[in-house]
Amino acid sequence: MPILEGLDVTKNFGGLAAVSHVDFHVDRGEIVGLIGPNGAGKTTLFNLISAALPLSSGEIRFKGQKLNGLKPHQICKTGIARTFQQTKIFADMPVFQNVLVGASFGTPTRVSPSDAARVTTEALEFVGLAAMSASAAKDLTLVSQKRVEVARALATKPELLLLDELMAGLNPAEVSEAMELVTRIRDKGIIIFMVEHVMKAIMGICGRIMVLHHGEKLAEGTCQEIASNKTVIEVYLGGETHAGN
Amino acid sequence: MNIATLFTPRNRKVFAAAFLLLVLIFLATLPLYGGSYYILVVTTILMYVVLTVSWTMFSGPTGYMSLATAAFFGVGIYIGTIVGEKLPLLVAVAAGGVGCFILALLVGLVTLRLRGIYFAIFTFGLLMFLSELILYLEINIWGSRGRHVFPASDEAVFYVMVVICVATLLTAYFIRRSRLGLAMQSIGGNEEAAAHMGVNTTRVKVLTFAISAVFMGAAGAIMAPSLIYIDPFIAFNMRYSFMPVLMAVFGGMGQFYGPVIGAAIFSYTERMLRLEYPYHYMLTFGIILILVILFLPGGLAGLIQKLQKARVISKLWNRGKEEQHANT
């Protein structure tokens, strides 16, 4: 049964259809990858799901409940958390306080300060940042800042996590660590929907992949199906030799 | 006994509490030995502390620069004057606070969708608008330009101002440490991310904007009697919008006590300079401000922190040297 479902999702910016008539679904226990060339509408789709942007038409349902018209903070409380392509940490606040914001406000019911602090500590340990909790977030390296975002999202106790290019700008060793982190999040029972350009990561951990191109859904299927799909290779992967690397 | 042990964090808290108690005792007994001039001076200083701390309460953590302080202060003056003609002073002050709370809620719902410079300009426009609106009402509807304010004793005004000031400080202190404070900080850090982490940004902003306006309005209402006569140009003076910003920057917004000492020292220095050098005071004052902004980006509070750090470092350094001596 799909936990997140999009029907005929469309977003127009003036005359430009950034996302056009896309149907999609994410099921329980899955890691779904979303790929496509720059400007394909991947981040726009995430912005529509998390209500950063309103839909032009169509409908998005989460656990059977219609999300249309909800505000970002309400989306978060229903159980959808996200990270950002360009990290949006609270730069001047300590790492601990960054994550504490998610723990204190992200859940549907009010959390006591001591519970929020405990959830924060757990989330920081989970992503491996416990030692840095007192540092100002802006002093961290890019890879650590991305982990702060993941911890902050996890602290909101999501059922579904949207990861927007978690691996962009990371070196190969860091990519492997990030892949391991994503798998561990899945093992906690959190469903993952991720935008990614690093094909090694996508092919390594995703159960299913969706390809967007010019705002339309080009293909969908398992890693093998996508890696051998002729149109996908043509518009995105750019030659069989690279596919599956 | 080592003097340094006196300055451990826990002892420092005890010192701060004792110091605050001394200040309170000083304020409570001031009318017994201070003349009416000193009562007026201290009342003005407390007024600036209230305006600065309540401005910082909202604008400090969120980064939304409000120039509406004078608007709420002016509305407080007018509400206080009108209510105070028939009812007791305390009722007038409460009415000033409540009136500004409601006004700020309404204004906040409209303006807090604006960001950055647009918010600052809108709040400044609000000041101009209210001033002109009341001028229009006075000329065309109330039928009298300006009005005399009911009298009140300097001591009564002073004591009420002390109470407002204490209430402002307590509110600011607890908001800073509460969920609301964390939410405001996250809005200042990155408003979009805050919303996606479940913070109802509009509600947090409107609520804290309105809470901060309560104290501005109450301060206006209690200052009204000492003005004797008011009209829109006296009540809605834009200096009450800019002074709190300057005082907060001067004191440093990084620490809770920054805006407090900023307002106290700033308003006292300003008064002294104006009395001593009536022709050069603006010049002197301008130079002091420029120097502070250029060389003390953290304000006075930042300077104090730097000095504390420097002391710790020099202590460690000296200890290091002693150990070297011991080794040789």
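Predicted model only: the values in this text are computed from it and were never measured. (Residues numbered from 1 in each chain as written. Chains lettered and ligands numbered in written order. Predicted model: local features only at pLDDT ≥ 70, side-chain atom pairs only at ≥ 80, totals over all residues.)

**Student:** Honestly, the overall build of chain B in this entry has me stumped. Any pointers?
**Tutor:** When helices and strands are tallied, chain B shows 14 helices and two strands. A compact globule built from 328 residues should have a C-alpha radius of gyration of about 20 Å, and chain B, at 22 Å, falls within 12% of that. Overall, the C-alpha framework of chain B stretches about 90 × 55 × 35 Å when taken along its three principal axes. Counted over contacts in chain B with a minimum sequence separation of 6, partners at least 24 positions apart contribute 78%. (Helix = DSSP H or I, 4+ residues; strand = E, 2+ residues; numbered from the N terminus. Rg over C-alpha atoms; globule rule 2.2 N^0.38 Å. Contact = placed C-beta atoms within 7 Å.)

**Student:** Please clarify how the overall build of chain A should be interpreted in this entry.
**Tutor:** Secondary structure assignment for chain A yields nine helices and 10 strands. Against the compact-globule benchmark of 18 Å for 245 residues, chain A has a radius of gyration of 18 Å, which places it among compact chains. Overall, chain A is about 55 × 40 × 35 Å in size when its C-alpha atoms are taken along their principal axes. Within chain A, the fraction of its 245 residues that count as buried is 48%. (Buried ≥ 20, exposed ≤ 12 C-beta atoms within 10 Å, placed from the backbone.)

**Student:** Explain the domain arrangement of chain B to me, please; I cannot follow it from the model alone.
**Tutor:** Where interface size is given, it is often the accessible area lost as the parts come together that is meant. Residues and elements named next belong to chain B. Split into domains, chain B comes out as domain 1 (38–294) and domain 2 (298–328). Centre-to-centre, using C-alpha coordinates, domain 1 lies 40 Å away from domain 2. Residue-level contacts link 12 residues of domain 1 with five residues of domain 2. If you list the elements that add at least two residues to the side of domain 1 that touches domain 2, you get α11 (239–251) and α12 (257–276). No other element matches the four residues that α12 contributes to the side of domain 1 that touches domain 2. Residue composition of the side of domain 1 that touches domain 2, by class: six nonpolar, six polar and no charged. (Domains from an automatic or database assignment. Nonpolar A, V, L, I, M, F, W, Y, C, P; charged D, E, K, R; others polar.)

**Student:** What is the right way to look at the nonpolar core in this model?
**Tutor:** Across soluble globular proteins, nonpolar side chains have a tendency to be buried as a group. If you look at the biggest cluster of nonpolar residues, it comprises 167 residues, and the most contacted ones within it are Val99, Ala151 and Ile192 of chain A together with Val50, Ala213, Ala219 and Ile222 of chain B. For this core, the element with the most residues is helix α9 (residues 201–227) of chain B, which contributes 15 residues. (Core = buried A, V, L, I, M, F, W, Y, C linked by C-beta atoms within 7 Å.)

**Student:** Just to check I follow, could you spell out the interface of chain A and chain B for this structure?
**Tutor:** Taken residue by residue, the interface counts 22 residues in chain A and 16 residues in chain B. Of all elements in the fold, only α2 (72–78) and α3 (95–105) of chain A reach the threshold of two or more residues within the side of chain A that touches chain B. With six residues, α3 of chain A is the single largest residue contributor to the side of chain A that touches chain B. For the side of chain A that touches chain B, the residue count by class is 10 nonpolar, seven polar and five charged.

**Student:** Would you mind showing me how to read the pairing of strand β8 (residues 191–195) of chain A here?
**Tutor:** In the case of a regular strand, side chains alternate between the two sheet surfaces. All names here are of chain A. For β8, the buried fraction is high: five of the five residues fall into the buried class. Of the pairings in the sheet, the one linking strand β3 (residues 31–35) to β8 comprises four bridges and is parallel in character. Within the sheet, the bridge partner assigned to leucine 34 lies in β8 and is valine 195. Two elements, strand β7 (residues 160–164) and β8, share five bridges in a ladder whose sense is parallel. Following the sheet pairing, leucine 163 is matched in β8 by methionine 194. (Pairing = 2+ DSSP bridges.)

**Student:** Even after reading the chapter, I still don't get the sheet that holds strand β2 (residues 16–27) of chain A, so can you show me in this structure?
**Tutor:** Residues and elements named next belong to chain A. The antiparallel open sheet is built from four strands, whose spatial order is β2-β1-β4-β5. Every other strand in the sheet has two partners, leaving β2 and β5 (65–66) as the edge strands with one partner each. Bridge count for strand β1 (residues 2–13) against β2 is eight bridges, and the pairing is antiparallel. Paired with proline 2 across the two strands is aspartate 27, which belongs to β2. Along the sheet, helix α1 (residues 42–49) makes contact with β1, β2 and β4 (57–62), crossing β2 at roughly 65 degrees. (Axes fitted to C-alpha atoms, helices over the stretch in contact; angles between N-to-C directions.)

**Student:** What am I meant to see in the domain arrangement of chain A here?
**Tutor:** Residues and elements named next belong to chain A. Entries for chain A in the domain assignment read domain 1 (1–79 + 158–245) and domain 2 (89–157). Using only C-alpha atoms to locate each centre, domain 1 and domain 2 end up separated by 24 Å. Facing the nine residues of domain 1 at the interface are 11 residues of domain 2. Of all the elements in the fold, those that place two or more residues in the side of domain 1 that touches domain 2 are α2 and α6 (172–187).

**Student:** Which parts of the structure should I look at to understand α3 of chain A?
**Tutor:** In an α-helix, one full turn covers 3.6 residues, which means residues spaced three or four apart are oriented alike. With 11 of 11 residues buried, α3 of chain A lies mostly within the body of the structure. For α3 of chain A, the complete set of buried residues consists of Val95, Phe96, Gln97, Asn98, Val99, Leu100, Val101, Gly102, Ala103, Ser104 and Phe105 of chain A. Looking at the buried side of α3 of chain A, the elements it contacts are α4 (113–127) and α5 (142–154) of chain A together with α7 (179–189) and α8 (191–196) of chain B.

**Student:** How do you make sense of the packing of helix α3 (residues 69–84) of chain B against helix α5 (residues 116–142) of chain B when you look at a structure like this?
**Tutor:** All names here are of chain B. With their axes 8 Å apart at the nearest point, α3 and α5 run at an angle of 25 degrees to one another. Taken together, the axis directions place α3 and α5 in an arrangement best described as roughly parallel. Residues Ala70, Ala71, Gly74, Val75 and Tyr78 of α3 touch α5, and the partners they reach there are Leu126, Leu127, Leu130, Ser131 and Ile134. When grouped by side-chain class, the residues that make up the contact of α3 with α5 number eight nonpolar, two polar and no charged. (Parallel < 35°, antiparallel > 145°, perpendicular 65-115°, else oblique.)

**Student:** What is the right way to look at the pairing of β4 of chain A in this model?
**Tutor:** Residue and element names in this part refer to chain A. In this structure, β1 lies alongside β4, joined through five bridges in antiparallel fashion. In the sheet register, leucine 7 faces β4, and the bridge partner there is glutamate 59. Two successive antiparallel strands, β4 and β5, enclose a turn made up of two residues, where lysine 63 displays a positive phi of approximately 50 degrees.

**Student:** Can you walk me through the environment of alanine 117 of chain A in this structure?
**Tutor:** With respect to the helices and strands, alanine 117 of chain A occurs in helix α4. Distance in space between the C-alpha atoms of alanine 117 of chain A and phenylalanine 96 of chain A is 8.6 Å, their sequence separation being 21 residues.

**Student:** Sorry, what's going on with the sheet that holds β8 of chain A here?
**Tutor:** Strand pairing in a sheet relies on backbone hydrogen bonds, with the paired strands running either antiparallel or parallel. Residues and elements named next belong to chain A. Spatial strand order, β6-β7-β8-β3-β9-β10: six strands in an open sheet with mixed pairing. Each having just a single partner strand, β6 (80–82) and β10 (216–221) make up the two edges of the open sheet. Strand after strand, the sheet turns through a mean of 20 degrees between neighbouring axes, direction not considered. Sheet strands touched by α1: β3, β6, β7, β8 and β9 (208–213). Its angle to β7, the strand with the most contacts, is close to 150 degrees. Across the sheet, α6 is in contact with β3, β7 and β8; its angle to β8 comes to roughly 150 degrees.

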